[in-house]
Amino acid sequence: MREKISLIQMDVRLGEPEVNFARAAALMEEAMAEAPDILVLPETVNVGFFPMPAGKLAALADEEGRRTKEVFGNFAKARGVNLVAGSSAVRENGKIYNRSYVFGRDGALLASYDKIHGFSPSGEPDYFTGGDHTVRFTLDGILCSMAICYDVRFPELIRTEALAGADLFFLPAAWPLVRKEHWVTLAKARAIENQMYFCAVNECGRAGETKYGGHSLLLSPWGEELLHLGEEEEIRTGTIDTDVIAGIRESINVFRDRRPELYCL
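Note that the structure is a prediction, hence the values are computed from the model and not measured.

Criteria and thresholds
Residues numbered from 1 in each chain as written. Predicted model: local features only at pLDDT ≥ 70, side-chain atom pairs only at ≥ 80, totals over all residues. Heavy atoms only, no water. Phe/Tyr/Trp six-rings, centres within 6.5 Å; stacked < 30°, edge-to-face > 60°. Helix = DSSP H or I, 4+ residues; strand = E, 2+ residues; numbered from the N terminus. Buried < 20%, exposed > 50% of the residue type's maximum accessible area, 1.4 Å probe, protein only. Core = buried A, V, L, I, M, F, W, Y, C linked by side-chain atoms within 4.5 Å. Expected span 1.5 Å × (residues − 1). 1 Å grid on protein atoms, 1.4 Å probe; cavity = no way out; pocket = protein on both sides within 12 Å on 5 of 7 lines; lining within 4 Å. Points joined across faces, edges and corners; volume = space filled by probe spheres on them. Nonpolar A, V, L, I, M, F, W, Y, C, P; charged D, E, K, R; others polar. Axes fitted to C-alpha atoms, helices over the stretch in contact; angles between N-to-C directions. Left-handed = near helix turned anticlockwise from the far one by under 90°. Contact = heavy atoms within 4.5 Å. Pairing = 2+ DSSP bridges. Polar contact = N/O pair within 3.5 Å; in protein donor to acceptor, adjacent residues only side chain to side chain.

### Some remarks on the packing of aromatic side chains
How two aromatic rings sit relative to each other is given by the distance of their centres and the angle of their planes. Summed over all chains, the structure comprises 7 aromatic pairs. Ring centres 6.0 Å apart and planes at 65 degrees place the aromatic pair Phe21 and Phe72 in the edge-to-face group. Of this pair, Phe21 sits in helix 1 (residues 17-31) while Phe72 sits in helix 3 (residues 66-79); the two residues are 51 residues apart in sequence, bridging distant segments of the chain. On the accessibility criterion, Phe21 (5% relative accessible area) is buried.

### Looking at the nonpolar core
In this structure, Ile5, Phe137, Leu168, Phe170 and Phe198 are the most contacted members of the largest nonpolar core, which totals 46 residues. One finds Phe21, Met28, Leu39 and Val81 within the second-largest nonpolar core, a separate group that totals 22 residues.

### Structural notes on helix 3
Helical geometry note: an α-helix holds 3.6 residues per turn, so side chains three or four residues apart project in the same direction. Here helix 3 contains 14 residues, and its C-alpha end-to-end distance of 20 Å stays within 8% of the 20 Å for a straight helix at 1.5 Å per residue. Residues of helix 3 that are buried: Thr68, Val71, Phe72, Gly73, Phe75 and Ala76. Taken from the residues just after helix 3, Gly80 is the one with a positive phi, measuring 60 degrees.

### Quick word on the layout of surface pockets
When its volume is computed, the largest pocket comes out at roughly 250 Å³. Considering the residues around the largest pocket, the lining is formed by 15 residues, among which Phe49, Phe119, Ser122, Pro176 and Arg179 are closest to the centre. The class makeup of the residues in the lining of the largest pocket is 10 nonpolar, 2 polar and 3 charged. Lining the second largest pocket, in full, are Pro155, Glu156, Arg159, Thr160, Leu163, Glu193, Asn194, Arg258, Tyr263 and Leu265. Counting residues per element, the ones that place at least two in the lining of the second largest pocket are helix 4 (155-163) and helix 5 (180-194). If one sorts the elements of the lining of the second largest pocket by residue count, helix 4 sits on top with 5 residues. In the lining of the second largest pocket, the residues fall into 4 nonpolar, 2 polar and 4 charged.

### Side note on the packing of helix 4 against helix 5
Contact geometry for helix 4 and helix 5: axes closest at 10 Å, N-to-C directions at 35 degrees. Our pair here, helix 4 against helix 5, has a crossing hand that is right-handed. Across the interface between the two elements, Pro155, Ile158, Arg159 and Ala162 of helix 4 pack against Arg190, Glu193 and Asn194 of helix 5. In the contact of helix 4 with helix 5, the residues fall into 3 nonpolar, 1 polar and 3 charged.

### Brief notes about the pairing of strand 13 (residues 210-213)
One ladder, built from 4 bridges, connects strand 12 (residues 204-207) with strand 13; its direction is antiparallel. By the bridge assignment, Gly205 is partnered in strand 13 with Tyr212. Between strand 12 and the antiparallel strand that follows it, strand 13, lie 2 residues; Gly208 among them carries a positive phi value of about 65 degrees.

### Section: the side chain of Asp37
Along the chain, Asp37 turns up in the loop between helix 1 and strand 2 (38-40). Exposure remark for Asp37: the relative accessible area of 16% places this residue in the buried category. A distance of 2.7 Å separates the side chain of Asp37 from the backbone nitrogen of Lys4, its partner in a polar contact. Sequence-distant contacts of Asp37, defined by excluding residues within four places in its chain, comprise Arg2, Glu3, Lys4, Val81, Asn82, Arg105 and Asp140.

Read these as geometric descriptors, not functional statements.
Structure below.
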């Protein structure tokens, strides 16, 4: 199965959801010139990553994801494209979640995922409630999974999804430029060790003192860079071919050669 994926590396404005929704729509429309099958956006695309007072974040978070689902679901339906809508700050039952929504070509909501691991060095768990499950969904017959940003540092999460058969993995993020080498290295490691396509889409621009790193990546199951974006706002489209995965997994069969009875996790 060959699919075209557009990586939308967006400069997300901190605390300005309507500005961000409008900018995301404009960038998605621009990406459609390449006739992609899947569009992918970065983390907290509605409000930016969270260095703001908790009360302000709560006021700006999307109640039950209504606005996020309206904007991105309608776009997916109107343009007949699959859409991994990065993530949004969503308020539900008095809690705030860092939540991703995935839409099919008909605009239907296919999946949602709440970021499991909050970035404790910056106090993210004090703002966002962590998720309690992984997620799998199918886009054009391809079994996919995803995580968000800091989740990539927990390889057991992504290996769980690979063992369940995921061939394509998405990682929206708001990753700082200062740790760019970690970003690139970890994404490549997750692609190689799980022998899957890996699509990591990062924010760019600034939020307070933080410069977000860009360097969004589309990686092959060998860890090859099919796309590697720069540090500024940018859209790039690449093609994957999931038919090659079976051969890769047969040539270096890490799944067959695992010894899980010896692992203590």
